[in-house]
Amino acid sequence: MRQLYDDDDLVSAEVQSVHRDGTVMLHTRGPKYGCMSLGQLISVVPVLVKRAETHFHRVCSDLKTDIEILIGCNGYIWVGLKHSACFTHDPECSKSQNNTGGCEREVFSTSVNAHTRDQVCRVASAVRVLSMLHLAIYPKRILDVVDRSNDWGVSNTDMLRRAFVVKFSEWMTD
């Protein structure tokens, strides 16, 4: 793993096993696992996360950008761009094979336009609104918050203000 990732890298992985000494064995051999970039990590109370069969979801509301959400049962939620992870087996990923069979990251800059950043922030704010209201967090409910904010003309910077949170909670109870 140290050949693939650096300390402080944010990775998505499947836990294979936990040993008695606290060592954790991780599995990242699939196209959906890897180093996460171009997004936001949000921490919520784990009890708010609704259990689902899959943890990877794509937000495809009326947004022009595909945004992926990784909802962990531990309360960590990743909101980022589609294919924003540098997957170890992704041929489109900017990595080169080294002689040990692992991947080394090449330094590259990725330009993300303002509209895309705004949409990632909008989805992340939707997760935060649900957390503030102590409501269950799952993809459909996240989309409800995003759709209401768009319908009501609320900017993503105003989504966390009291006025929007109160209006959304009233809409939920109607």
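Up top you'll find the structure we're talking about.
The subject of this paragraph is the overall build of the protein. Each helix and strand counted, the protein has three helices and 11 strands in total. When the helices and strands of the protein are read in sequence order from the N terminus, they spell out β-β-β-β-β-β-β-β-β-β-β-α-α-α. For the protein, buried positions account for 39% of its 174 residues. In the protein, of all internal contacts separated by at least 6 residues, the share reaching a separation of at least 24 is 57%.

What follows covers the layout of surface pockets. Roughly 600 Å³ of volume is contained in the largest pocket. At the level of elements, β1 (11-12), β2 (14-18) and β8 (76-81) are the ones that each hand at least two residues to the lining of the largest pocket. Take the lining of the largest pocket: its biggest share by element is three residues, from β8. Broken down by class, the residue content of the lining of the largest pocket amounts to 14 nonpolar, five polar and three charged.

Okay, empty space enclosed by the protein next. Going through the model one piece at a time under the given rule, you end up with one cavity of 30 Å³ or more. In this model, the largest cavity occupies a volume close to 50 Å³. Residue lining of the largest cavity: Val49, Lys50, Arg51, Ala52, Thr54, His55, His57, Ile71, Cys73, Ile137, Tyr138 and Pro139, and that is the complete set. Looking at the lining of the largest cavity, its residues break down into seven nonpolar, three polar and two charged.

For the rest of this paragraph, the subject is unusual backbone geometry. Excluding glycine, residues mostly carry a negative phi; peptide bonds, for their part, are mostly trans. Of note, the phi angle at histidine 134 is positive, near 55°, even though the residue is not glycine. Relative to the assigned elements, histidine 134 resides in the loop between α1 (114-132) and α2 (139-151).

This part takes up the nonpolar core. In terms of nonpolar packing, the biggest core is built from 28 residues, with Ile77, Val79, Val123, Ile137, Ile142 and Val145 touching the most fellow members. Of all the secondary-structure elements, those providing two or more residues to this core are β7 (67-71), β8, α1, α2 and α3 (162-173). Beyond its immediate sequence surroundings of up to four residues, isoleucine 142 is in contact with Ile69, Ile71, Val123, Ala126, Val127, Leu130 and Ile137.

Tallying each qualifying case throughout the model produces three salt bridges. The shortest N-O distance in the salt bridge between arginine 161 and aspartate 158 comes to 2.8 Å. According to the relative accessible area criterion, arginine 161 is exposed, its value standing at 52%. Residue classification places aspartate 158 among the partly exposed residues on the basis of a relative accessible area of 31%.

Parameters and conventions
As a convention, each chain's residues are numbered from 1 in the sequence order in which they are written. Owing to the predicted nature of the model, reporting of local features is limited to residues with pLDDT of at least 70; listing and counting of side-chain atom pairs is limited to 80 or more, with chain, interface and lining totals taken over all residues. As a rule here, side-chain values cover all heavy atoms of the structure and leave hydrogens and water aside. Helix numbers and strand numbers start at the N terminus; a helix is a DSSP run of H or I with at least 4 residues, a strand a run of E with at least 2. Think of it in three bands: with a 1.4 Å probe and only protein chains considered, a residue is buried below 20% of the maximum accessible area for its type, exposed above 50%, and partly exposed in between. Two residues form a contact once any of their heavy atoms are found within 4.5 Å. Any residue with an atom within 4 Å of a point lines the site, the site being either a cavity, points on a 1 Å grid over the protein atoms alone where a 1.4 Å probe fits but cannot get out, or a pocket, an open set with protein on both sides within 12 Å along at least 5 of 7 lines. Grid points are joined across faces, edges and corners, and a volume is the space filled by probe spheres set on the points. Throughout, the ten residues Ala, Val, Leu, Ile, Met, Phe, Trp, Tyr, Cys and Pro are labelled nonpolar, Asp, Glu, Lys and Arg are labelled charged, and all others, Gly among them, are labelled polar. Note on terminology: a nonpolar core comprises buried Ala, Val, Leu, Ile, Met, Phe, Trp, Tyr and Cys residues joined through side-chain atoms within 4.5 Å. Any Lys or Arg side-chain nitrogen located within 4 Å of an Asp or Glu carboxyl oxygen qualifies as a salt bridge.

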